[in-house]
Amino acid sequence: MSNFGSFMLFLFATAVTQNVVLTTGFGSSMLLRIVRHPRDILPFSGILGVFSVLTVTVAYPLDALIGTDFFAKLLRPLMVVGIAAVLYLLSVLLLRHLAPAVYARIEKMLPLAAFNNLVIGVALICNHSFALPLIGAVGLALGCCVGFTVLSLLTAEGLERLDSPDIPPAFRGLPATLIYIGLLALAILGFASSVSLI
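A quick note: this is a predicted structure, and the numbers were derived from the prediction, not measured.

## Brief notes about the overall build of the protein chain
Next up, step 1: For the protein chain, the count of helices and strands is ten helices and zero strands.
Next up, step 2: Along the protein chain, helices and strands appear, N-terminal first, in the series α-α-α-α-α-α-α-α-α-α.
Next up, step 3: When each of the 198 residues of the protein chain is scored for burial, the buried share is 43%.
Next up, step 4: Here the contacts in the protein chain between residues at least 6 apart in sequence split such that 79% fall between residues at least 24 apart.

Here it is in structure tokens:
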């Protein structure tokens, strides 16, 4: 399969059929937090995509260096968190000096995106669970972020509709949200029978 084909396969599969937020839980707590402010979904998802791709890209060659023995399995999570921390610090320093207006707009989103368990989890699974080329790992990271964006938009729309007086008081709020996300997960997992990557 060509590099572009591998990229598109992982992007499509993780965005639609194997939504990492639903199948692994990566990013689910941030999903519930970000949908409260629908105008922040797209900027946050963009920042999440940048951090995810950069973390995977930096972790990819380093992962090959540390190997696969017992100590490598202990070092891998520390390495990925360290990479995320360095990328966060670099982004803060660069944005603060080069684009202060942009930094002021996204200042609160940066740490939430950089240290999101979606970013760290994708970097861990793409290099540990798969034998991917770098372009496939980037496709996996981007697909996860596209899936997060789609799921965030669907959840935000659903939460607007769940704010109805017809819902019994015992089910309002978190119970209704969890039932809605569960039904949404079942609907998306219905597409997953044809492609299984995760």
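So, next bit.
## Description of the confidence of the model for the protein chain
Next up, step 1: For the protein chain, the average pLDDT comes to 80, and 78% of its residues sit at 70 or higher.
Next up, step 2: Averaged pLDDT values for the elements of the protein chain fall to 54 in helix 2 (residues 20–24) and rise to 93 in helix 6 (residues 100–106).

## A few points about a nonpolar patch on the surface
Next up, step 1: On the surface, a nonpolar cluster with roughly 410 Å² of combined accessible area is contributed by Val 86, Leu 90, Leu 94 and Leu 98.
Next up, step 2: On the secondary structure map, Leu 98 appears in helix 5 (residues 70–98).
Next up, step 3: A relative accessible area of 69% means that Leu 98 is categorised as exposed.

## Details of helix 4 (residues 41–66)
Next up, step 1: Taking 1.5 Å per residue as the helical rise, helix 4 with its 26 residues ought to reach 38 Å, and the 36 Å between its terminal C-alpha atoms agrees with that figure.
Next up, step 2: Of all the bends in helix 4, the largest measures some 35 degrees and sits at Tyr 60, one to four residues before the proline Pro 61.
Next up, step 3: Once helix 4 ends, the next one or two residues include Gly 67, with phi positive near 85 degrees.

## Side note on the environment of Leu 87
Next up, step 1: Examined against the element boundaries, Leu 87 turns out to sit in helix 5.
Next up, step 2: Along the primary structure Leu 87 and Ala 114 are separated by 27 residues, whereas in three dimensions their C-alpha atoms are 7.6 Å apart.

## Things to note about the pattern of salt bridges
Next up, step 1: Taken as a whole and judged by the stated rule, the model has three salt bridges.
Next up, step 2: Here Asp 63 and Arg 76 are joined by a salt bridge, their closest N and O atoms 2.5 Å apart. With Asp 63 in helix 4 and Arg 76 in helix 5, the pair connects residues that are 13 residues apart, well separated along the chain.
Next up, step 3: Of the residues examined, Asp 63 reaches a relative accessible area of 7% and is grouped as buried.
Next up, step 4: Residue Arg 76 is classed as buried on the basis of its relative accessible area, which comes to 6%.
Next up, step 5: Glu 157 is the salt-bridge partner of Arg 161, the closest N and O atoms lying 2.9 Å from each other. Here Arg 161 pairs with Glu 157, and both are found in helix 9 (residues 134–162), just four residues apart, close to one helical turn.
Next up, step 6: Accessibility expressed as a relative area gives 63% for Arg 161, which makes it exposed.
Next up, step 7: On the basis of relative accessibility, which here comes to 36%, the residue Glu 157 falls in the partly exposed class.

## Some details on helix 5
Next up, step 1: With 29 residues, helix 5 extends 42 Å between its outermost C-alpha atoms, agreeing within 8% with the 42 Å of an ideal straight helix rising 1.5 Å per residue.
Next up, step 2: A bend of about 30 degrees at Arg 76 is the largest found in helix 5, and the proline Pro 77 appears one to four places after it.
Next up, step 3: Regarding helix 5, the residues found buried are Ala 72, Arg 76, Met 79, Val 80, Ile 83, Ala 84, Leu 87, Tyr 88, Ser 91 and Val 92.

## Describing the side chain of Thr 149
Next up, step 1: Structurally, the position occupied by Thr 149 is in helix 9.
Next up, step 2: A distance of 3.0 Å separates the side chain of Thr 149 from the side chain of Ser 45, its partner in a polar contact.
Next up, step 3: A polar side-chain atom of Thr 149 sits 2.8 Å from the main-chain carbonyl oxygen of Cys 145.
Next up, step 4: When sequence neighbours within four positions are dropped, the list of residues in contact with Thr 149 reads Ile 41, Leu 42 and Ser 45.

Thresholds, definitions, all that
Residues numbered from 1 in each chain as written. Predicted model: local features only at pLDDT ≥ 70, side-chain atom pairs only at ≥ 80, totals over all residues. Heavy atoms only, no water. Helix = DSSP H or I, 4+ residues; strand = E, 2+ residues; numbered from the N terminus. Buried < 20%, exposed > 50% of the residue type's maximum accessible area, 1.4 Å probe, protein only. Contact = heavy atoms within 4.5 Å. pLDDT = per-residue confidence, 0-100. Patch = residues over 30% accessible without salt bridge, like charges linked within 9 Å, V, L, I, M, F, W, Y side chains within 5 Å. Areas by Shrake-Rupley, 256 points an atom, 1.4 Å probe, with all protein chains shown as cover. Salt bridge = Lys/Arg side-chain N within 4 Å of Asp/Glu carboxyl O. Expected span 1.5 Å × (residues − 1). Bend = angle between axes of the 7 residues up to and from the residue. Polar contact = N/O pair within 3.5 Å; in protein donor to acceptor, adjacent residues only side chain to side chain.

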